[in-house]
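For reference, the chains in residue letters:
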Amino acid sequence: MNVSRITPILNVSNIAESFDWFEKLGWNKGWDWGDPPDFGGVCCGEVEIFLCQNGQGSRGGPGPRFPGDDDTGGVWMSWWVDSPGEVDAAAAKAADHGIQVTWPPTDEPWGCRECHIRHPDGHTFRISSGIEAE
């Protein structure tokens, strides 16, 4: 087997609101399907995430049960950016748009700078870059 591409699929409660949420972070609505739409994709450069309203996976709950809890019930995904400065800019953009930043930009001992943001349906995105990139 030679896998040439992978596209994650997120279960979302409202696809239109999810398109808007991703667009606040600089992603673009790539396409939608259905009348009314209940499936679609968002794109950032060559990267795509599918969104499925009320299907194909699980969604998270209200959030962690205690400080430091990573069990959000949703999908976790790493987004790799080109520099530590882009991690900081992404966290600032998220905060400016009222998007929940659950872990501020931090230089981690494993050699990455990263922050975590959370989608309203409990999906968590780790935005990361190698520290040596700057």
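Here's what I pulled together on the structure shown here. The shown structure was predicted, so the numbers you read here are calculated from the model rather than taken from an experiment.

About the thresholds
- Residues numbered from 1 in each chain as written.
- Predicted model: local features only at pLDDT ≥ 70, side-chain atom pairs only at ≥ 80, totals over all residues.
- Heavy atoms only, no water.
- Pairing = 2+ DSSP bridges.
- Helix = DSSP H or I, 4+ residues; strand = E, 2+ residues; numbered from the N terminus.
- Axes fitted to C-alpha atoms, helices over the stretch in contact; angles between N-to-C directions.
- Contact = heavy atoms within 4.5 Å.
- Expected span 1.5 Å × (residues − 1).
- Salt bridge = Lys/Arg side-chain N within 4 Å of Asp/Glu carboxyl O.
- Buried < 20%, exposed > 50% of the residue type's maximum accessible area, 1.4 Å probe, protein only.

### Concerning the sheet that holds strand β5 (residues 76–80)
Judged by pairing direction, the sheet is mixed, and its 4 strands sit side by side in the order β5-β8-β7-β6 without closing on themselves. Looking at strand neighbours, the two that pair on one side only are β5 and β6 (100–107), the edges of this open sheet. Each adjacent strand pair in this sheet contributes to an overall mean axis angle of 15 degrees, direction not counted. Inspection of the sheet shows β5 paired to strand β8 (residues 124–130) by 5 bridges, in the parallel sense. Bridging from a neighbouring strand, Trp-79 pairs with Ile-127 of β8. Contacts between helix α2 (residues 84–96) and the sheet are confined to β6, β7 (112–118) and β8, with β7 contributing the most and set at about 20 degrees to the helix.

### Concerning α2
The end-to-end C-alpha separation of α2 is 19 Å, in line with the 18 Å expected for 13 residues at 1.5 Å each. At its buried positions, α2 is contacted by β6, β7 and β8. At the exit of α2 stands Gly-98, carrying a positive phi of roughly 75 degrees.

### Remarks on the sheet that holds strand β1 (residues 9–12)
Pairing within the open sheet is mixed, and its 4 strands lie in the order β1-β4-β3-β2. Of all strands in the sheet, those with a lone pairing partner are β1 and β2 (28–34), marking the two edges. Adjacent strand axes in the sheet meet at a mean angle of 25 degrees when their direction is disregarded. Bridge analysis of strand β3 (residues 37–44) against strand β4 (residues 47–53) gives 6 bridges, and the strand direction is antiparallel. Bridge pairing links Cys-44 to Val-47 in β4. Each of β1, β2, β3 and β4 touches helix α1 (residues 15–24); the most contacted strand, β3, lies at about 10 degrees to it.

### Notes on the pattern of salt bridges
This model, assessed by the stated rule, comprises 6 salt bridges. Between Glu-48 and Arg-5 there is a salt bridge, with its nearest N and O atoms 2.8 Å apart. Of this pair, Glu-48 sits in strand β4 while Arg-5 is found in the segment before β1, placing the two residues 43 residues apart along the sequence. Arg-5 gets classed as exposed once you look at its relative accessible area, which sits at 54%. Between Asp-107 and Arg-113 there is a salt bridge, and its shortest N-O distance comes to 2.9 Å. For Asp-107, a relative accessible area of 47% corresponds to the partly exposed category. Three or more residues joined by partner-sharing salt bridges are found here, namely Asp-88, Asp-107 and Arg-113.

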